[in-house]
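Structural features, examined
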Amino acid sequence: MEESRITTDLDLALRNAAGLRKSNDLYLLADSNSEKYCLSMVLQTLNIAQSHILVLPSGEQHKTLSTVEQIWDFLIEKEATRSSLMLVLGGGVLTDMGGFAASTFKRGMPYVNIPTTLLGMVDASQGGKTGFDYRGLKNEIGMYAPAAATIVYPMFLKTLPQKHLLSGYAEMLKHSLIASPLELIKVLHFDIDNIDYTELSELIERSIDIKQYIVEQDPEETGLRKSLNFGHTIGHAIEEYSLQGQDSEAMLHGFAVMYGIVAELYLSMMKLGLNQQTVTQVAHFAREHYGKPVCACKDYDILLDLMRHDKKNTEQGQINFSLLRQVGNCRVDQKCTDAEIIEALDFLFNM
């Protein structure tokens, strides 16, 4: 498993990650946002040649094979080796692609994730999942390839717009739902609109601990790790629908996951008897902070078709869910009918 710790000393964490490598054996991948707000802090510690820095555009629409090819071409052109180290400085899109590119270059070069978004810190950069979107399908191509280390520096978040903080916070809410009622209370009661960064750092560390415990028990997602997919079957379908241009603006991953959480809580109530109070409480939180999702009933067939292509499905035509019997008790491999899913979508879009 990769080492992942929250740090208040970015310089020390970077020096430890780089080890004894010389500057010409270090490569850095950034996105347009992390270049603007975070790159200078890294370069204060590590002497990385400008020619060894590749900056890519940010955004899910760039999470493609052609972008991964750019990374491979960059490493080949700059004569990287299997003993070189790539630092991936950016959000979850970049850590997914960077990790995949590094892990397949010359059959694997080590890489270090330095997530700069809340979503990257608590979810995308953790657990060794790498990959990219393909033919409009979310994370269709990928592999398990843990980073050598992940450096989590919460002070990066001070540069993050509120909607991106909310995007990451949805994953923290998911972790709390599959962990325990106490964790859920902590996340729901935190003031996300007026952030205390000391308190947020503690919540981030706990969220990482929850995910790492699950991943350590089931690194290749054969059982327990499937619980981390809660909210994602419907959430990914909504996100893919948005990315395909049906909406005026592509939806952030965490917003789609939040909507998926609400719908899948409703399914959990229908199928497993989850108490209605939890469903109502989380739906109210979602409506207050994330707003109502926009989707017409005529689009349900499109959403259902996208769910049928979800990589978590194990039987052709069957849509697979991870659902909650109660907070802290997740049941994986739950099948739902189209009619049940549509009823949950009706609840979501009318919440």
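The preceding data block contains the structure.
Let me sum up the structure you'll find in this document. Just so it is clear, the model here is predicted, and its values are computed rather than measured.

**With respect to helix H13 (residues 300-308)**
Along an α-helix, a turn takes 3.6 residues, which lines up residues three or four apart on a common side. Buried within H13 we find Tyr-300, Leu-303, Leu-304, Leu-306 and Met-307. An end-on view of H13 places all buried positions within 160 degrees of arc, on one side of the element.

**Considerations on the environment of Arg-15**
As for its placement among the helices and strands, Arg-15 is situated in helix H1 (residues 10-18). Judged by relative accessible area, which is 44%, Arg-15 ranks as partly exposed. Each C-alpha atom, one on Arg-15 and one on Thr-45, is 7.3 Å from the other, the two residues being 30 residues apart in sequence.

**Some remarks on the nonpolar core**
Generally speaking, soluble globular proteins have nonpolar side chains that are buried together. Tyr-169, Leu-177, Ile-204 and Met-307 are the most contacted members of the largest nonpolar core, which has 93 residues in total. In this structure Met-307 touches Thr-233, Ile-234, Ala-237, Asn-313, Ile-319, Phe-321, Ile-341 and Leu-345, once residues within four positions along its chain are discounted. Residues Leu-54, Ala-80, Met-97 and Phe-105 belong to the second largest nonpolar core, which totals 22 residues.

**Focus on the side chain of Lys-138**
Here Lys-138 shows up in strand S7 (residues 137-144). In terms of polar contacts, Lys-138 uses its side chain to reach the side chain of Glu-239, at 3.1 Å. Other than its neighbours up to four places away in sequence, Lys-138 contacts Glu-60, Lys-63, Asp-133, His-236, Glu-239, Glu-240 and His-253.

**Section: unusual backbone geometry**
Although it is not a glycine, Glu-79 adopts a positive phi angle of roughly 60 degrees. Mapped onto the elements of the fold, Glu-79 is located in the loop between helix H4 (65-77) and strand S4 (85-90). For Glu-79, a relative accessible area of 66% puts it in the exposed group. The phi dihedral of Lys-106 is positive, around 50 degrees, even though this residue is not glycine. When its relative accessible area of 44% is taken as the criterion, Lys-106 is described as partly exposed.

**Here's the deal with the packing of aromatic side chains**
Using the criterion set out here, one finds ten aromatic pairs in the structure. For the pair Trp-72 and Phe-100, a centre-to-centre distance of 6.3 Å together with 45 degrees between the ring planes defines the contact as tilted. Of this pair, Trp-72 sits in helix H4 while Phe-100 sits in helix H5 (residues 92-104), and the two are 28 residues apart along the sequence. Trp-72 sits in the partly exposed class, given a relative accessible area of 22%. Seen in terms of ring centroids, Tyr-169 and Phe-285 are 6.4 Å apart; in terms of plane orientation they differ by 35 degrees. Their pairing is tilted. Residue Tyr-169 is located in helix H7 (residues 162-179), and its partner Phe-285 is located in helix H12 (residues 276-290); the two are separated by 116 residues in the primary sequence. Tyr-169 sits in the buried class, given a relative accessible area of 0%.

**As for the packing of H7 against helix H8 (residues 181-189)**
At a minimum axis separation of 7 Å, H7 and H8 run at an interaxial angle of 155 degrees. With respect to their mutual orientation, H7 and H8 come out roughly antiparallel. Two packed elements cross with a definite hand, and for H7 against H8 that hand is left-handed. Contacts from Tyr-169, Met-172, Leu-173, Ser-176, Leu-177 and Ala-179 of H7 reach H8 at Glu-183, Leu-184, Lys-186, Val-187 and Leu-188. Grouping the amino acids of the contact of H7 with H8 by side-chain chemistry returns eight nonpolar, one polar and two charged.

**Some details on H5**
Taking 1.5 Å of rise per residue, 13 residues should cover 18 Å, and H5 covers 18 Å from first to last C-alpha, within 8% of that figure. Most of H5 sits inside the fold, with twelve of its 13 residues counted as buried. Looking at H5, one finds that the buried residues are Gly-92, Val-93, Leu-94, Thr-95, Asp-96, Met-97, Gly-98, Gly-99, Phe-100, Ala-101, Ala-102 and Ser-103. The first or second residue beyond H5 is Lys-106, which carries a positive phi of 50 degrees.

**With respect to the pattern of salt bridges**
Taken as a whole and judged by the stated rule, the model has twelve salt bridges. Two residues, Asp-96 and Lys-63, come together in a salt bridge whose shortest N-O distance is 2.6 Å. Of this pair, Asp-96 sits in helix H5 while Lys-63 sits in the loop between strand S3 (53-56) and H4, and the two are 33 residues apart along the sequence. Comparing Asp-96 with Lys-63 shows no difference in burial state: the two are buried. With a closest N to O distance of 3.3 Å, Glu-340 and Lys-271 form a salt bridge. With Glu-340 in helix H14 (residues 338-349) and Lys-271 in helix H11 (residues 253-272), this pair connects stretches of sequence that are 69 residues apart. Since its relative accessible area comes to 18%, Glu-340 is described here as buried. When its relative accessible area of 33% is taken as the criterion, Lys-271 is described as partly exposed. Linked by salt bridges that have partners in common, Asp-123, Glu-171, Lys-174 and Lys-211 make up one network.

The rules behind the values
The numbering scheme is per chain: residues are counted from 1 as the chain's sequence reads. Reporting of local features is limited, given that this is a predicted model, to residues whose pLDDT is at least 70; pairs of side-chain atoms are given and counted only at 80 or more, and all residues count toward the totals for whole chains, interfaces and linings. Processing note: side-chain calculations cover all non-hydrogen atoms of the structure and skip hydrogens and water entirely. Whether a residue is buried, partly exposed or exposed follows from its accessible area with a 1.4 Å probe, protein chains only, as a fraction of its type maximum: under 20%, in between, or over 50%, in that order. What counts as a helix is a DSSP run of H or I of at least four residues, what counts as a strand is a run of E of at least two, and both are numbered from the N terminus. Each direction from the helix axis to a C-beta atom contributes to the arc, which is the arc of those directions. Take the buried Ala, Val, Leu, Ile, Met, Phe, Trp, Tyr and Cys residues and link them wherever side-chain atoms come within 4.5 Å; each set so joined is a nonpolar core. Only heavy atoms matter for contacts: two residues are in contact if any of them lie within 4.5 Å across the pair. We define a polar contact as two N or O atoms separated by no more than 3.5 Å, with the added condition that, inside protein, one atom must be a possible hydrogen donor and the other a possible acceptor, whereas residues neighbouring each other in sequence contribute only through side-chain atom pairs. Each pair of aromatic rings taken from Phe, Tyr and Trp, with Trp reduced to its six-membered ring, is defined by centres within 6.5 Å and is described as stacked if the planes are under 30 degrees apart, edge-to-face if over 60, and tilted in the remaining cases. Here an axis means a line fitted to C-alpha atoms, over the contact stretch when the element is a helix, while the angle between two N-to-C directions is reported on a 0 to 180 degree scale. Orientation is classified from the angle alone, with under 35 degrees giving roughly parallel, over 145 giving roughly antiparallel, 65 to 115 giving roughly perpendicular, and any other angle giving oblique. When the near helix sits turned anticlockwise from the far one by under a right angle, the crossing is termed left-handed; a clockwise turn instead gives a right-handed crossing. Asp, Glu, Lys and Arg are counted as charged, while Ala, Val, Leu, Ile, Met, Phe, Trp, Tyr, Cys and Pro are counted as nonpolar; the rest, among them Gly, fall into the polar class. A helix's residues, less one, multiplied by 1.5 Å, set its expected span. Should a side-chain nitrogen of Lys or Arg be within 4 Å of a carboxyl oxygen of Asp or Glu, the pair is scored as a salt bridge.

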